[in-house]
Amino acid sequence: MGPHPAVAAIRLAVRRVLHDILNEASRTAAYREPAGEIPAPGTPHENRTPHERPPSPLVLVACSGGADSMALASALAFEAPKLGVRAGGVTVDHGLQPGSDLRADEVVLRLRELGLDPVESVAVTVGRDGGPEAAARDARYAALDAAAARHGALAVLLGHTRDDQAETVLLGLARGSGIRSLSGMAAVSGADGRYRRPFLQLDRQTARKACMVQALPVWDDPHNTDPAYTRSRLRHEGLPALEKALGKGVVEALARTAQLSRDDADALDTWARQAEASVRDAAGLLECAKLYALPPAVRRRILRQAAIEAGAPAGSLFARHIEEVDRLITGWRGQGAINLPGKVVAQRQGGRLVIRQG
């Protein structure tokens, strides 16, 4: 008899992602070191004997101890050895609750019991920029980036599920931030595709069921049920209300919306990158008349990118900011400069749009 369907589903999802990671690493290695080429001095290959095998690639799992990430850790521990991959784990102690350090130690123990190595707990200090949820997320990803670099990991697996994706789409819709926010979380993200989300097509109940049938202990974060947090309210009040009003299938529909939106956003981003050079003059300044001729979705992407390059923090640059800058192109009546986050100023001068630090 095979594994429980929930266990089989999570293992299959992880197996597919590991295959993708290995295939991409193989293509990258083939590109960087063609057959017969002598490795450059100082490269890891230089110090190996001709018959010495390179070290097995390492993939880490980010684990909070919750059902989603524990299910992911168990699937990685099962699948990785069969593919010649080393599996490790990282848990991040945000320090936001009493005893969080003890919980982190427990997670480390559980990961080691699954056979993961290396395993570590990383304590972070959560700031205040962007609100508590955004600040915690920024601190967490910074810690995971550092851990991946420290251990030389090819990738870090994250346990976000289809339910998390649906919540992310609704949060983006509430902010009115445009199609990119509606695209939710990418299956592959981060520097060089570091972060992978194998469970975006699986629901939260599948992960929890997989933990239950494998007798994996899980920790339920009190913040996930705290109505002080927007995502918690959405999870326990908003989505159930939508399903009551619209019927079952809302989560699946929102996840599909995320993928369709991502495809559209990617296409528009590519168009904007290709069009940018054509709307700049010989000095590199943006020409208002040429910007005006572009479709709004393309033009606003160019304006947003220009603001970011001038020093505006991407996370603080909202649709309303870009709309104000856009009016310097489409509704010019001699208005003054527009102040943007990061002390960036956008103003129209002689038919050119100048975006720079104020």
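Quick caveat: nothing in here was measured; it's all calculated off a predicted structure. Here the residue numbering is sequential within each chain, running from 1 through the sequence in written order. Per-residue local features of the predicted model are confined to residues with pLDDT of at least 70, and side-chain atom pairs are confined, for both listing and counting, to 80 or more; whole-chain, interface and lining totals are unaffected and use all residues. Each side-chain value is worked out from all heavy atoms of the structure, with water and hydrogens disregarded.

*Asks:* Looking at this structure, I do not really get the overall build of the chain. What am I missing?
*Replies:* The helix count covers DSSP runs of H or I at least four residues long, the strand count covers runs of E at least two residues long, and both are numbered beginning at the N terminus. For the chain, the count of helices and strands is twelve helices and ten strands. With the C-alpha coordinates of the chain rotated into their principal frame, the extents come out at 70 × 65 × 40 Å. Scored against the burial criterion, the 358 residues of the chain give a buried share of 42%. Counting only carbon and sulfur atoms, one obtains 54% of the accessible surface of the chain, whose full area is about 19400 Å². For the purpose of counting charges, residues Lys and Arg are taken to be positive, whereas Asp and Glu are taken to be negative. His and the chain ends are not included. Positions of charges follow a simple convention, taking NZ of Lys, CZ of Arg, CG of Asp or CD of Glu. Both charge centroids of the chain, one from 46 positive and one from 41 negative side chains, sit 4 Å from each other. Only protein chains enter the accessibility calculation, which uses a 1.4 Å probe. A residue is then buried if its area is under 20% of the maximum for its type, exposed if over 50%, and partly exposed in between. Here the Shrake-Rupley method, with its probe set to 1.4 Å, supplies the accessible areas, and only the displayed protein chains count as covering residues.

*Asks:* Would you take a moment to explain the confidence of the model for the chain for this structure?
*Replies:* When pLDDT is low, close inspection of the predicted coordinates is not appropriate. By definition, pLDDT measures how confident the predictor is in each residue, and it falls between 0 and 100. Looking at the chain as a whole, its pLDDT mean stands at 90, while 92% of the residues score no less than 70. In this analysis, two residues are considered to be in contact whenever any of their non-hydrogen atoms come within 4.5 Å of each other. Within the model, pLDDT remains below 50 along residues 35–43, and this stretch shows five contacts once partners closer than five positions in the same chain are excluded.

*Asks:* For this particular structure, what's the right way to read the packing of helix α2 (residues 67–79) against helix α7 (residues 204–213)?
*Replies:* The angle between the axes and the distance between the axes are what describe a pair of packed helices. Structural elements are reduced to axes, namely lines fitted to C-alpha atoms, with helices fitted over the stretch in contact, and the angle between N-to-C directions of any two is expressed from 0 to 180 degrees. The N-to-C vectors of α2 and α7 enclose an angle of 60°; their axes lie 8 Å apart at closest approach. Put simply, α2 runs oblique to α7. Read as a crossing pair, α2 and α7 show a hand that is left-handed. Seen from α2, the contacting residues are A67, D68, M70 and A71; seen from α7, they are R204, A207, R208, A210 and C211. Roughly parallel means an angle under 35 degrees; roughly antiparallel, over 145; roughly perpendicular, 65 to 115; everything else is oblique. The hand of a helix crossing depends on one turn: near helix anticlockwise from the far one by less than a right angle means left-handed, and clockwise means right-handed.

*Asks:* Would you mind going over unusual backbone geometry with me for this structure?
*Replies:* Negative phi characterises most residues that are not glycine, and trans characterises most peptide bonds. Backbone torsion omega between D117 and P118 reads 5°, so that peptide bond is classified as cis. Structurally, P118 can be placed in the loop between α3 (100–113) and β3 (119–123). The backbone of D192 sits at a positive phi, close to 55°, despite the residue not being glycine. In this fold, D192 is placed in the loop between β5 (188–189) and β6 (195–196). With a relative accessible area of 80%, D192 lands in the exposed category. Not every positive phi belongs to a glycine, and K343 is a case in point at roughly 60°. Inspection of the secondary structure puts K343 in the loop between β8 (338–340) and β9 (344–349). Relative accessible area serves as the criterion here: at 69%, K343 is assigned to the exposed category.

*Asks:* Would you mind showing me how to read the pattern of salt bridges here?
*Replies:* Two side chains with opposite charge may pair up if their charged atoms get near one another. For this analysis, a salt bridge means a side-chain nitrogen from Lys or Arg found within 4 Å of a carboxyl oxygen belonging to Asp or Glu. In the structure shown here, the tally under the stated rule is 25 salt bridges. Note that R150 is salt-bridged to E120, the shortest N-O span being 2.8 Å. With a gap of 30 residues between them, R150 in helix α4 (residues 132–151) and E120 in strand β3 connect regions that are remote in the sequence. Between E276 and R280 there is a salt bridge; the shortest N-O distance is 2.8 Å. Relative accessible area serves as the criterion here: at 17%, E276 is assigned to the buried category.

*Asks:* Got a minute to help me understand the pairing of β3 in this structure?
*Replies:* Strand residues, when the strand is regular, have side chains that alternate between the two faces of the sheet. A pair of strands is treated as paired once DSSP finds two or more bridges between them. As judged from the five bridges shared by strand β2 (residues 86–93) and β3, these two strands associate in the parallel manner. Among the inter-strand pairings, V92 is bridged to a residue of β3, identified as V122. Each parallel crossover has a hand, and for β2 linked through α3 to β3 it is right-handed. Clockwise travel from the first strand over the helix to the second, with the strands pointing away from the viewer, marks a crossover as right-handed.

*Asks:* I keep staring at the nonpolar core and nothing clicks. Help me out?
*Replies:* What tends to happen in soluble globular proteins is that the nonpolar side chains get buried as a cluster. What we call a nonpolar core is a set of buried Ala, Val, Leu, Ile, Met, Phe, Trp, Tyr and Cys residues that are connected through their side-chain atoms within 4.5 Å. If you look at the biggest cluster of nonpolar residues, it comprises 35 residues, and the most contacted ones within it are V14, L76, L116, L157 and F199. Elements with a contribution of two residues or more to this core: α1 (5–32), β1 (58–62), α2, α3, β4 (155–157) and α7. Each residue touching L116, except ones within four places of it in the same chain, is listed here: V61, A73, A77, A87, G88, G89 and L111.

*Asks:* Help me understand the packing of aromatic side chains, please; the structure alone is not making it clear to me.
*Replies:* The relative placement of two aromatic rings is captured by the distance of their centres and the angle of their planes. A pair of aromatic rings is counted whenever rings of Phe, Tyr or Trp (Trp by its six-membered ring) have centres within 6.5 Å, and the orientation is called stacked for planes under 30 degrees apart, edge-to-face for over 60 and tilted otherwise. Taken as a whole and assessed by the stated rule, the structure comprises one aromatic pair. With centroids separated by 5.1 Å and ring planes inclined at 90°, the aromatic side chains of Y141 and Y195 adopt a geometry described as edge-to-face. Pair noted here: Y141 is in helix α4 and Y195 is in strand β6, with a separation of 54 residues, a long-range link. Two thresholds decide whether a charge sits over a ring: the Lys NZ or Arg CZ must be within 6 Å of the ring centre and within 35 degrees of the ring normal. The ring of F78 has R11 sitting right over it, with the charged end atom 3.5 Å from the ring centre. Across from the ring centre of W219, 4.4 Å away, lies the NZ or CZ of R103, which sits over that ring.

*Asks:* Hey, could you run me through the environment of A8 in this one?
*Replies:* In this fold, A8 is placed in helix α1. Along the sequence, A8 and L294 sit 286 residues apart, while their C-alpha atoms lie 49 Å from each other.

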